[in-house]
Every structure is written in C-alpha cells, then in structure tokens.
Amino acid sequence: VEDDENIDESDLYFVGKAKDRLNDIIDIFEKCDSAGIKCDFHIVGVDPDLQVHTDKINYCSQMAYKENLKRIKKTKCMLEIMQQGGHGYTLRYCEAIAMGKRLLTNNPEIIHAPFYNADFISIFRSVQDCDTSFIVDGPNNVDYNFLEELSPNKLLEYIDNKI
C-alpha cells in the first residue's frame, strides 16, 4: 500500500456501516476524542438527522477499499465494533494481521482465535471498559506471526485436502 500524503496519521481508525451500532461508534469516538486521541472515523449510511460531530467524523456513502488500506497504514490502532448478535471474525482481523496494526474490539470470542495476542488486541465489553491507553501507548512493532496462514496458498491447500 503506497503512502498517501493527503491522509493524516491517526491513533484510532474506524470505517463501517452504522447499522445497529451507531450509538456504540459515537460513544467510543466521544470517549477517545475527549482523551485527546486522534480519531479517523468514517461511518457509512447514517441519516443526516442522526449525524453528530460532523466536523470530526466523516459520514459517507462508501469508501474505496484502496483508500481504506491507505488509512489503515496511517493509524496506530483499528477499531472493530461488532453488530449486535454478530459472531466470528471479520475482515478487520485480517487487515490488522496483514498491516501489522493493533486492534480494539468488542468481540469477546476473539480470545479463542489462533492469532489472538493480548499485546496487540484489546477487548472491551462497554465503552467504559475501553482502554484508551492501549490505543496510544501500545506496541508499534506488531507481528501476529499469522500472516502466512492468511495466504491464498493456505486456502488452496485446505480445498485440496477436502477434495
């Protein structure tokens, strides 16, 4: 991913559809913003009447995936907020592994993932539990030692073994 000089560095990055989690996204933003954390938030699909902090949050209809990757490159930590009732792992985990980024998530199931590392992934159950020091002071050299497991070759091996 090439560096984009037009994208500022950030401490915490979020992109995603609001769906049923808009209040959680806004609450995390407010907590982090008030703590002096530089946030780069992009929320998709929010009715204009529900948009708050429009001077600091980008409300949009879509974001090109290439721009998403450029923004991940410029941040210290990524935010994953699961949809209500959501389970499993999302693309955010793959992005964090591939790009060597810390991850802040409300997904308690992540502790069972083969790539889980408490040094790089912080779990919160509520906004009050969110560890803002992890965002700013966590390790910068992030290596989950799992990138090879995400390779297309592993997928092909898996398919070949099943056939």
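Draft legend 1. Local environment of the pattern of salt bridges. According to the stated counting rule, one finds nine salt bridges in the structure shown. Among the ionic pairs, E2 bridges to K70, the shortest N-O distance being 3.5 Å. In this pair, E2 sits in the segment before strand 1 (10–17) while K70 sits in helix 2 (residues 65–73), placing the two residues 68 residues apart along the sequence. Assessed through its relative accessible area of 40%, E2 is described here as partly exposed. Residues joined by salt bridges that share partners form a network here, namely E2, D4, K66 and K70.

Draft legend 2. Local environment of the confidence of the model for the protein chain. Across the protein chain, the average pLDDT comes to 93, with 100% of residues at or above 70. The least confident element of the protein chain, judged by mean pLDDT, is helix 5 (residues 152–162) at 79; the most confident is strand 2 (residues 39–44) at 98.

Draft legend 3. Summary view of a negative patch on the surface. Taken together, the side chains of D20, D24, D27 and E30 make up a negatively charged region of the molecular surface. Tracing the chain through its elements places D24 in helix 1 (residues 22–34). According to the relative accessible area criterion, D24 is partly exposed, its value standing at 33%.

Draft legend 4. The arrangement of the sheet that holds strand 4 (residues 75–80) in detail. Read across the open sheet, the six strands follow the order 3-2-1-4-5-6; overall the sheet is parallel. Of all strands in the sheet, those bounded by a partner on one side alone are strand 3 (57–60) and strand 6 (121–123). Sheet twist, expressed as the average angle between the axes of neighbouring strands with direction ignored, equals 20°. Relative to strand 2, strand 1 is paired through six bridges, and the arrangement is parallel. In the strand pairing of strand 2, Y13 is matched with D40. Running at roughly 165° to strand 4, helix 3 (residues 91–99) makes contact with strand 1, strand 4 and strand 5 (102–105) of the sheet.

Draft legend 5. Local environment of the pairing of strand 1. For strand 1, the buried fraction is high: seven of the eight residues fall into the buried class. As paired strands, strand 1 and strand 4 are joined by three bridges and run parallel to one another. Within strand 4, the position partnered with Y13 by the bridge is M78.

Draft legend 6. Broad picture of the packing of aromatic side chains. In total, this model carries seven aromatic pairs according to the counting rule given. Ring plane angle 35° and centroid distance 6.0 Å describe the contact between Y93 and F115, whose orientation is recorded as tilted. On the criterion of sequence distance, the pair formed by Y93 in helix 3 and F115 in the loop between strand 5 and strand 6 is long-range, its members being 22 residues apart. Since its relative accessible area comes to 2%, Y93 is described here as buried. Residue F115 is classed as buried on the basis of its relative accessible area of 7%. In this structure an aromatic cluster arises from ring pairing among Y89, Y93, F115 and F146. Geometry around F134 places R102 over its ring, the cationic atom sitting 5.8 Å from the centre.

Calculation criteria
Residues numbered from 1 in each chain as written. Predicted model: local features only at pLDDT ≥ 70, side-chain atom pairs only at ≥ 80, totals over all residues. Heavy atoms only, no water. Salt bridge = Lys/Arg side-chain N within 4 Å of Asp/Glu carboxyl O. Helix = DSSP H or I, 4+ residues; strand = E, 2+ residues; numbered from the N terminus. Buried < 20%, exposed > 50% of the residue type's maximum accessible area, 1.4 Å probe, protein only. pLDDT = per-residue confidence, 0-100. Patch = residues over 30% accessible without salt bridge, like charges linked within 9 Å, V, L, I, M, F, W, Y side chains within 5 Å. Areas by Shrake-Rupley, 256 points an atom, 1.4 Å probe, with all protein chains shown as cover. Lys, Arg positive; Asp, Glu negative; His and termini not counted. Charge placed at Lys NZ, Arg CZ, Asp CG, Glu CD. Pairing = 2+ DSSP bridges. Axes fitted to C-alpha atoms, helices over the stretch in contact; angles between N-to-C directions. Contact = heavy atoms within 4.5 Å. Phe/Tyr/Trp six-rings, centres within 6.5 Å; stacked < 30°, edge-to-face > 60°. Lys NZ or Arg CZ within 6 Å of the ring centre and 35° of its normal.

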